[in-house]
Amino acid sequence: MAAGKEFNATEYIGHHLTHDVRPFLGDGGFWSLHLDSVLVSVLLGFVGIGFLWWVVRGATSGVPGKRQAFVELLVGFVDEQAKGVFRHGDRNAFVAPAALTVFVWVLLMNSMDFLPVDIVAMGTHKISEHGFRIVPTADINTTFALALSVWILMLVFSVQAKGFGGFLHEIFCSPFGAKLFPLNVLFNAIEYLSKPLSHSLRLYGNMYAGEIIFLLLWLLAAAGLGWAGLAFLLGLGWAIFHILIVALQAYVFMMLTIVYFSMAHEHH
């Protein structure tokens, strides 16, 4: 906000919900890039990979240290989830590692919601006029890109498991038989198209709502000293509850990824 300008709650929220949009192809438009979401996502991807590499590098076959025990617990937890859902071959070849990657990456991106936006904006304003929106999963472009990647892999696995002819046969002949192929195509099209939509919108909706609530609590704190204490208590309570949401949404996104990979191998 400019110095000396009267504070406006609507402008404050709009300011913090504005992306750093850069043209990607041509004049931008549809082919624009949300630089903040991309940079933060890539950075957190390296953080997640770097953390796991750091733990593996110091792993020992003896009594594990605290960080090794934590990662072994995490890997074991994800592997158990994959084992319980995916029963179509070696889950350790791709499915379990992909699920672990998705879980850690989405968890880190969700966790950015705990950083105070005004303090972060002090640094990011030097890069962008509006500052950075630092929660990539509160951007529909990020969650849809993740869901679309999973969806494309699901189609690839489906063709690998059934063959291209078997995949087309399932599209045209299942579940109502070959004589009702138009109905089958419509039914399967709805099923396939709904997967990336529900996969992405669930994560986006929860994280966007969490971002809005934090902004409203900061506004309450800015209303005056009389409200600061209440805002602090509400913010602390919401932050504690939001820990569950952050972890749960990462878990749900991971589980749906495993489920979709498993469904790709099933024959109808």
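Please refer to the structure placed before this passage.
Structure report, in brief. (Residues numbered from 1 in each chain as written. Predicted model: local features only at pLDDT ≥ 70, side-chain atom pairs only at ≥ 80, totals over all residues. Heavy atoms only, no water.)

### Considering the overall build of the protein chain
Piece 1. The helix and strand inventory of the protein chain stands at eight helices and two strands.
Piece 2. Across the protein chain, helices and strands are ordered from the amino to the carboxyl terminus as α-β-β-α-α-α-α-α-α-α.
Piece 3. Oriented by its inertia axes, the alpha-carbon framework of the protein chain measures out at about 70 × 55 × 35 Å.
Piece 4. Evaluated residue by residue, the protein chain yields a buried proportion of 37% over its 268 residues.
Piece 5. Within the protein chain, contacts between residues at least 6 apart in sequence are counted, and of these 69% link residues at least 24 apart.
Piece 6. For the protein chain, the accessible area works out to roughly 15,200 Å², and carbon and sulfur atoms hold 72% of it.
Piece 7. If you average the places of the 14 positive and of the 17 negative side-chain charges in the protein chain, the two averages end up 9 Å apart. (Helix = DSSP H or I, 4+ residues; strand = E, 2+ residues; numbered from the N terminus. Buried < 20%, exposed > 50% of the residue type's maximum accessible area, 1.4 Å probe, protein only. Contact = heavy atoms within 4.5 Å. Areas by Shrake-Rupley, 256 points an atom, 1.4 Å probe, with all protein chains shown as cover. Lys, Arg positive; Asp, Glu negative; His and termini not counted. Charge placed at Lys NZ, Arg CZ, Asp CG, Glu CD.)

### Description of the pattern of salt bridges
Pairs can form between side chains of opposite charge once their charged atoms are near each other.
Piece 1. Taken as a whole and judged by the stated rule, the model has five salt bridges.
Piece 2. Residues K162 and E170 are paired through a salt bridge, measuring 2.9 Å at the closest nitrogen-oxygen approach.
Piece 3. You can call K162 buried: its relative accessible area is 13%.
Piece 4. Taking the relative accessible area as the measure of exposure, E170 reaches 7% and is therefore buried.
Piece 5. The salt bridge involving K195 is made with E191; its shortest N-O contact spans 3.2 Å. A residue pair is termed a helical-turn pair when its members lie 3 or 4 positions apart in one helix, as K195 and E191 do in helix α7 (residues 181-222) at four residues.
Piece 6. Classification of K195 as buried rests on a relative accessible area of 7%. (Salt bridge = Lys/Arg side-chain N within 4 Å of Asp/Glu carboxyl O.)

### Quick word on the environment of F51
Piece 1. Note on placement: F51 falls in helix α2 (residues 35-57).
Piece 2. As for F51 and V71, which are separated by 20 residues in sequence, their C-alpha atoms are 9.5 Å apart.
Piece 3. What F51 contacts, discounting residues up to four positions off in sequence, is F70 and V71.

### Topic: the packing of helix α6 (residues 140-173) against α7
Piece 1. Contact geometry of α6 with α7 gives a least axis separation of 8 Å together with a crossing angle of 155°. If you check the angle between α6 and α7, you find them roughly antiparallel. For α6 against α7, the interelement crossing comes out right-handed.
Piece 2. Across the contact of α6 with α7, the residue classes tally to 19 nonpolar, six polar and two charged. (Axes fitted to C-alpha atoms, helices over the stretch in contact; angles between N-to-C directions. Parallel < 35°, antiparallel > 145°, perpendicular 65-115°, else oblique. Left-handed = near helix turned anticlockwise from the far one by under 90°. Nonpolar A, V, L, I, M, F, W, Y, C, P; charged D, E, K, R; others polar.)

### Considerations on helix α4 (residues 95-111)
Piece 1. Between its terminal C-alpha atoms α4 stretches 24 Å, which fits the 24 Å expected from 17 residues at 1.5 Å a residue.
Piece 2. Within the sequence span of α4, burial applies to V95, A96, A98, A99, L100, V102, F103, V104, V106, M109 and N110. (Expected span 1.5 Å × (residues − 1).)

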